[in-house]
Amino acid sequence: MRTALPCLTAFCLLLTGAGKRLPSPDETAIRNARDQQNAAIAARDLDRVASFWFDDIHVTAGLGLAFHGRDFYRQAFVLDSAITYRRDPESIVVSSHWPLAVESGTWTGRWHGAAGAPAISGRYSAQWVKIQGNWLIRSELFVALDCAGRACIWPVRAE
């Protein structure tokens, strides 16, 4: 009976970990880069925020405004300084063949310094490309799905 208990314990531990996959080093690197970018957004360090983007990044913002280029995207953060944005990845899938990855998750925009419900939120996806050992964002797509207060009167940008 003494040997049965340790074997049963080991079997139970094996079952609780079954199906769980450890993230690859590339997944971890992308998640860390996103965490660093979120911290830079919160700190309003826009040069650091922009350091995670390709020079020719393509972005579709939550309400449909589409733009191209690191400088334009950085300026959008300046113009939207009343809102602090955050991206929370749910999935990062790295290609087994190319230096590409896709990240998807939820995003929120809160009035700067405000707690509570976000002013605007939704879903996003991002394409990452590994260049010289570093993961950079080539494109991002944000779709607004919820709002609160003043943000609910913001128009969709169809042009």
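Everything below is about the structure printed above this text.
Remember, it's a predicted structure, so these values are computed and weren't measured experimentally.

Trainee: Where do I start with empty space enclosed by the protein in this structure?
Mentor: Take a probe with the size of a water molecule and roll it over the atoms, and the empty space left behind shows itself. For the structure shown, the criterion picks out one cavity of 30 Å³ or more. The calculated volume of the largest cavity comes to roughly 40 Å³. The class makeup of the residues in the lining of the largest cavity is four nonpolar, one polar and two charged.

Trainee: Even after reading the chapter, I still don't get the pairing of strand β4 (residues 100-111), so can you show me in this structure?
Mentor: Across a regular strand the side chains alternate sides, sitting on one face of the sheet and then on the other. Sheet topology note: the strand β3 (residues 83-94)/β4 ladder contains eleven bridges and is antiparallel. Paired with Y85 across the strands is G109, a residue of β4. In sequence, β3 turns back onto β4 through a hairpin of five residues. Pairing of β4 with strand β5 (residues 120-131), which is carried by ten bridges, proceeds in the antiparallel orientation. Directly across from W107, in β5, lies its bridge partner G122.

Scoring rules and cut-offs
- All residue numbers refer to positions counted from 1 along the written sequence of the respective chain.
- Given that this is a predicted model, residues contribute local features only at a pLDDT of at least 70 and side-chain atom pairs are listed and counted only at 80 or more, while totals for whole chains, interfaces and linings are drawn from all residues.
- Excluded from the side-chain calculations are hydrogens and water; all other atoms, namely the structure's heavy atoms, are used.
- Using a grid of 1 Å spacing that covers the protein atoms alone, one calls a set of points a cavity when a 1.4 Å probe fits there but cannot get out, and a pocket when the set is open and has protein on both sides within 12 Å along at least five of seven lines; lining residues are those with an atom within 4 Å of a point.
- Grid points are joined across faces, edges and corners, and a volume is the space filled by probe spheres set on the points.
- Note on residue categories: nonpolar means Ala, Val, Leu, Ile, Met, Phe, Trp, Tyr, Cys or Pro, charged means Asp, Glu, Lys or Arg, and polar means any other residue, Gly included.
- In this description, strands pair whenever DSSP reports at least two bridges between them.
- Put simply, DSSP marks the helices as runs of H or I at least four residues long and the strands as runs of E at least two long, and each gets a number from the N terminus on.

In short, geometric facts, not functional conclusions.
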